[in-house]
Amino acid sequence: MIASQDEKEDSNIDSLIPIKITETVDYQEILLNEGTVLYAIQDENKEYHIPLYDSLTINISESQFEFIHNEEVDLPKNISMDEVEFLGENLYFANDVFINEDDEQAIIINDAEVSLPTHKLGDEIGLYIGYRLFVYENSESDNKESTEEGTINDGIQEEDLNESEKSEENDIEEDSEVVTDQDDIQNSEEETTETVDSEETDTGESPADVEEGNEKQKEEVAIASFKAQASSSKIQVQAADPWANSNAKYFEVVEDNLAVFDNRSGSLVKIGELTRGQTYPIVSDYGNWHRIQIGTYYGYVWKNSTIPSQQSAIKNENNSYTNQQRTVTAVTDVTVYDNSSGSLVGFGKLSQGTSIALVSDYGNWWRVIFADRVGYISKSGVKTDFQKGDKFFKVTTSDAPVYDNRTGKLVQVGSLTKGQVYPIDKDYGNWWRIKFSNYYGYIHKNQTEYADNNLKNINTTYKNSSRTLTPLSNVPVYDNSSGKLVQFGTIQKGVKYHIASDYGSNWWRIIYADRIGYVAKSSVKASFLSSDKYFVANSDLPIFDNRTGELIQVGELVEGQEYAIVSSYGSWWRINFSNHYGYVYKSGTDPVTNVSYKNSKGNFSNSSKLVKTARNTTVYDNTSGKLVPFGEISSDVVYPIVSSYGSWWRILFNDRVGYIHKNDTQDTIITRTTYNLSFNQALNIQMTANPKSDGAGNKKASKEQVSSYLNPANFVHGSASFYQFLLLDQFTYTKATELNSKFLRTNTQAGSLQGQGAAFIEAANRYGINEVYLVAHTLHETGNGKSTLASGVSRWTQMVPGTCKPVKDKNGKNVIIDISPRKVYNMYGIQAFDDCPTNAGAQYAYDNGWFTPSAAIVGGAYFIKNGYIERGQNTLYKMRWDPESAARTGRYGKQYATHIAWADIQARSIARMYNQLTGFFLQYDVPQYSDQPSTSQPSTNLYRVSTSSSGLNARSTPGGNRVLSIPKDTLVSVALNSNGGVVSQQANGLTWYQINYNGQQLWVASNYLTKVN
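Fair warning: this is a prediction, and the values are worked out from it, not measured in the lab.

A.B. asks: Please clarify how the overall build of the protein chain should be interpreted in this entry.
C.D. replies: Helix and strand counts for the protein chain stand at 15 helices and 73 strands. By residue count, 52% of the 1013 residues in the protein chain fall in the buried class. Considering only residue pairs separated by 6 or more positions, the protein chain has 66% of its internal contacts joining residues 24 or more positions apart. Summed over its atoms, the accessible surface of the protein chain is roughly 45,600 Å², and 43% of this surface lies on carbon and sulfur atoms.

Structural data, given as structure tokens:
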């Protein structure tokens, strides 16, 4: 602090009380050590005080001292104010020591730099406290010289903390007063000052660290300088005072880097330096100091480091400019330049952390008033201070972090770019609050400075949508308002950020700190909205088919291509694929609001033709005039065709028109499997299985008849019978609506199977079985859905599972099961043994829980898959004859039926159904035996009962009395006349054939017989 020279002596010196300090007393800038003896006074309130060097006193409690009695010790002499000479204030530094008469440390300076009144008694110089003089430890009376004024020159020659200023050759063009161009002062700054950037780059410290470090460095250098000088020359008393009797209004600095101090805090704080040889106006005299103007406040310089000067020595004295309210603060020691000569001439410095009012903007410079002279400081060396009501700030450090405090902790969510300007949402103590996504972010004020609004991308139009993006790594945010991409921020990896809108194929538009920004789509993961209709693949994505209950890859999407969404399906997108759905993982996709492809399906639709891929097949888009891959169909996938296109098939791939090469596909596949078995061996084995020629299983088939149905050569491709070689573990890709409309439409047509198309599709998808076969099979087994087991059974005799043996109760009676009004259903005749079809079939249905027609359809399909398909019996022929078991074991294997025509009858039914379908793909597997005959046709008099009911009435005469009923699909022989023709007669408007059946000559209506082959 700077103190007045007036000091008042206590008039009642006899009332002084000698005391000894018992614990260290800390008073502002000094410490009174334990053991120090001095004099105190007591006031009317009985409180004790130690008088100081001025009218101030130190309040001290009785716990901090003890009284000293004259009889106990020799007291040091108390010294009145009249006995000491006041020399003025002197600068002292931390750890400077003042001693008593015994050379013991009594007082220590505990402030970095302090100005204290200094007194002299005889040859000793020191501090006058408690009516004693405590001598400065390094002072020696023989080195002190008196001056006329009796003042002390502190002799401080501070080391220059910065490099010497290089002479400036870059001029500032003058305007009418000083300069004429408001553009930047020419770039001499590189030669004269260091920038904030270079400090940060060199140290890697935060601004706070840099300021603290520089202040500490200056402090240490100043103290070292003072002590070094004090030890060599001690405290010198000047021989002559050039300011004695001087009325000069200007002074010239006569030492290097003369410190300028601010004392507004009560302590001397260095705020800058004046340059040797430069002249400055004096505001007023202040004892041993000059008061000068620094912006809007006063600074003080040591008078003894100056000599009087005159106005003519300076050309840039301020006569017209006034200070603004806005200030700047030096972020490093900043040189103040005079440009009145046309060159940059340094005439002062602002110390790091010092603030000064601005006069005006000057390109890359600020115009200021420094020591009442017009000066210029580089903008790069200062930051502009804020005022209440400011709306914008500029970031002054690299990658200034933005924090989110919604959790109660500061979590970094982004960073702002050095040199960029941002709108302030709210002042928040030491922080600025800014808009960030749909919440607020916070940036520390010490990384910012005031800025004018020069932004072109302030948001006035857009709003955040509910869609968000999540950066895959720290992602830059760009401004493109200049026509170039300029980064102005960053979003941290993993931070969700709301999107304003889509911006083409490569960018998302966002609102970032109330500025419009753009983020690259390739660097983020965007969320989907329920309204989204399209996505883009982030990589080559597999397409899966899950109709079997398992995920089977059927194709692939191409990275960067866009596709239509059918619907969301948990973690999957459902898309159109073939004539069913495909599924792709959502995690591999990003939303697209406006698709860019040009090959939408338009008016194209699938035809009834199907092909099967022979290999992984690329799907091409040719709308650009070039073949561009946008998908792939996996090998062995059946796919519908739109139309032929030369050497290509036109298809629809995820609702886009594509093209696949015909060489990569097949429309029918026939394979032939050769068994290690001769045909005669196979025939002999089958004869041991007791084959039947009727559906009821009563009539044994002849070897000639068995040969006819066993020989695959008798059934040619293109005939209905050839369908017995159709692979049953391949889908037809028919829809439930088509099955219902074509085969299951009415009760008359299908009985209890009416409208059960969805159950057949479910069974086919679940167990991998041809759905048309399942329909044909059940229609045949149930008599078009009208059999007892198909109609439902509520009461039956319980059977031992797998047998026709009734279960007995304790009385030996058959156990009857009655579940009325509920029913069980058996649509495939599973375990409906010839001797007990209803009881055994109902028991099996009951044991498996088939209480509805649909449950019986789906459950029975599992029986077929488990019992036959998975065993390799995946055609009707194999289900009937099981050639693999015969070849492997030499015995007949598992056979679905005993009727030799069963496979042929089923094949004909399936063929009729396929003829009604709009599109399908067929694959066949035809057995081949060694020594197999080319043909082995049965006798020409063999016919099959083909009535739509369960049986055909056989009569004693044409139109006569009914004798018996022949089961449907039974093979019968008709009587032939001598010419080889069928014996027939007309009666009741019908043609009747004579047949031989179970040794009887009977007559049947010819309408219900079908000639075999």
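A.B. asks: How should the packing of aromatic side chains be read in this particular structure?
C.D. replies: With the rule as written, the count across this model stands at 58 aromatic pairs. Seen from their ring centres, Y48 and F65 are 5.4 Å apart, and the 70° between their planes marks the pair as edge-to-face. Separated by 17 residues along the polypeptide, Y48 in strand β5 (residues 48-51) and F65 in strand β7 (residues 65-67) bring together distant segments of the chain. Pair check on accessibility: Y48 and F65 agree, each one buried. For R574, the ring lying beneath its charged end belongs to Y581, and the centroid distance is 5.1 Å. Lying over the aromatic face of Y563, R656 brings its terminal NZ or CZ to 5.8 Å of the ring centre.

A.B. asks: Teacher, can you tell me more about the pairing of strand β44 (residues 515-520) here?
C.D. replies: Two faces belong to every sheet, and in a regular strand the side chains alternate between them. β44 sits mainly inside the fold: six of its six residues count as buried. Strand direction decides the pairing type here: strand β43 (residues 507-512) and β44, joined by six bridges, are antiparallel. Each bridged residue has a counterpart across the sheet, and for W508 the counterpart in β44 is V519. What sits between the antiparallel neighbours β43 and β44 is a turn of two residues, in which A513 has the positive phi angle 55°.

A.B. asks: Would you explain helix α12 (residues 853-867) in this entry?
C.D. replies: The α-helix winds at 3.6 residues per turn, so residues separated by three or four positions along the chain end up facing the same way. In a regular helix each residue adds 1.5 Å, so 15 residues correspond to 21 Å; α12 covers 21 Å between its end C-alpha atoms and thus fits that length. All of the buried residues along α12 are P853, A856, I857, V858, G859, G860, A861, F863, I864 and G867. For α12, the elements touching its buried residues are α8 (757-767), α9 (771-781), α11 (837-847) and α13 (876-881).

A.B. asks: Help me understand the pattern of salt bridges in this model?
C.D. replies: Between side chains of opposite charge, a pair can form as their charged atoms come close. What the rule picks out here adds up to 30 salt bridges. The closest approach of N and O atoms between R406 and D404, which form a salt bridge, is 3.0 Å.

A.B. asks: In this structure, what is going on with the sheet that holds strand β33 (residues 421-423)? I would like to understand it.
C.D. replies: Remark on secondary structure: sheet strands pair via backbone hydrogen bonds, oriented parallel or antiparallel. On the basis of which strands lie adjacent, the open sheet formed by three strands has the order β33-β30-β37 and antiparallel pairing. The open sheet has two edge strands with one neighbour each: β33 and β37 (448-450). Each adjacent strand pair in this sheet contributes to an overall mean axis angle of 40°, direction not counted. Across three bridges, the pairing between strand β30 (residues 392-395) and β37 is antiparallel. In the strand pairing of β37, F393 is matched with Y450.

A.B. asks: How should I be thinking about the sheet that holds strand β45 (residues 524-526) in this particular structure?
C.D. replies: Read from one edge to the other, the open sheet built from three strands follows the order β41-β38-β45, with strand pairing classed as antiparallel. What marks the edges here is a single partner per strand, and that holds for β41 (497-498) and β45. Where strand β38 (residues 468-471) meets β45, three bridges bridge the pair, whose relative direction is antiparallel. Note on β45: the bridge partner recorded for T470 is K525.

A.B. asks: Would you mind showing me how to read the pairing of strand β59 (residues 648-653) here?
C.D. replies: Burial within β59 is extensive, with five of its six residues counted as buried. As paired elements, β59 and strand β60 (residues 656-661) share six bridges and run antiparallel to each other. By the bridge assignment for β60, F653 is matched with R656. Count of turn residues in the β59/β60 antiparallel hairpin: two residues, of which N654 carries a positive phi of about 50°.

A.B. asks: What is the right way to look at the packing of helix α4 (residues 679-687) against helix α5 (residues 703-710) in this model?
C.D. replies: The description of two packed helices rests on the angle between their axes and on the distance between the axes. Their axes nearest at 10 Å, the elements α4 and α5 cross at an angle of 120°. Classified by the interaxial angle, the pair formed by α4 and α5 is oblique. Of the two possible hands of crossing, α4 and α5 adopt the one that is right-handed. Across the interface between the two elements, F679, A682, L683, N684, Q686 and M687 from α4 touch K703, V706, S707 and L710 from α5.

A.B. asks: I keep staring at the nonpolar core and nothing clicks. Help me out?
C.D. replies: Nonpolar side chains tend toward joint burial in soluble globular proteins. If you look at the biggest cluster of nonpolar residues, it comprises 88 residues, and the most contacted ones within it are L774 and Y828. Ranked by residues supplied to this core, first place goes to helix α15 (residues 902-914) with eight residues. Apart from the residues within four sequence positions on either side, Y828 is in contact with F760, L774, H777, T778, E781, A856, I857, G860, A861, I864 and Y896. Ranked by size, the runner-up nonpolar core spans 28 residues in total, among them I424, V475, I499 and V519.

A.B. asks: Can you help me understand a negative patch on the surface in this one?
C.D. replies: Taken together, the side chains of D102, D103, E104 and E137 make up a negatively charged region of the molecular surface. Relative to the helices and strands, D103 resides in the loop between β9 (97-99) and β10 (105-109). For D103, a relative accessible area of 60% gives the class exposed.

A.B. asks: Explain the confidence of the model for the protein chain to me, please; I cannot follow it from the model alone.
C.D. replies: The predicted coordinates ought not to be read in detail in places where the model reports low pLDDT. In this model, the protein chain carries an average pLDDT of 85, and 86% of its residues clear a pLDDT of 70 or more. Between residues 139-216, whose pLDDT stays under 50, and residues either more than four places distant or in other chains, the model counts 177 contacts.

A.B. asks: Explanation requested: the packing of α8 against α12 in the structure shown.
C.D. replies: Packing of α8 against α12 leaves a shortest axis separation of 9 Å and a crossing angle of 30°. Compared by their axis directions, α8 and α12 come out roughly parallel. Here α8 and α12 pass one another in a crossing that is right-handed. Counted together, A759, F760, E762, A763, R766 and Y767 of α8 and S854, I857, V858, A861, Y862 and K865 of α12 form the full contact between these two elements. For the contact of α8 with α12, the residue count by class is eight nonpolar, one polar and three charged.

Criteria and thresholds
- Residues numbered from 1 in each chain as written.
- Predicted model: local features only at pLDDT ≥ 70, side-chain atom pairs only at ≥ 80, totals over all residues.
- Heavy atoms only, no water.
- Helix = DSSP H or I, 4+ residues; strand = E, 2+ residues; numbered from the N terminus.
- Buried < 20%, exposed > 50% of the residue type's maximum accessible area, 1.4 Å probe, protein only.
- Contact = heavy atoms within 4.5 Å.
- Areas by Shrake-Rupley, 256 points an atom, 1.4 Å probe, with all protein chains shown as cover.
- Phe/Tyr/Trp six-rings, centres within 6.5 Å; stacked < 30°, edge-to-face > 60°.
- Lys NZ or Arg CZ within 6 Å of the ring centre and 35° of its normal.
- Pairing = 2+ DSSP bridges.
- Expected span 1.5 Å × (residues − 1).
- Salt bridge = Lys/Arg side-chain N within 4 Å of Asp/Glu carboxyl O.
- Axes fitted to C-alpha atoms, helices over the stretch in contact; angles between N-to-C directions.
- Parallel < 35°, antiparallel > 145°, perpendicular 65-115°, else oblique.
- Left-handed = near helix turned anticlockwise from the far one by under 90°.
- Core = buried A, V, L, I, M, F, W, Y, C linked by side-chain atoms within 4.5 Å.
- Patch = residues over 30% accessible without salt bridge, like charges linked within 9 Å, V, L, I, M, F, W, Y side chains within 5 Å.
- Lys, Arg positive; Asp, Glu negative; His and termini not counted.
- Charge placed at Lys NZ, Arg CZ, Asp CG, Glu CD.
- pLDDT = per-residue confidence, 0-100.
- Nonpolar A, V, L, I, M, F, W, Y, C, P; charged D, E, K, R; others polar.

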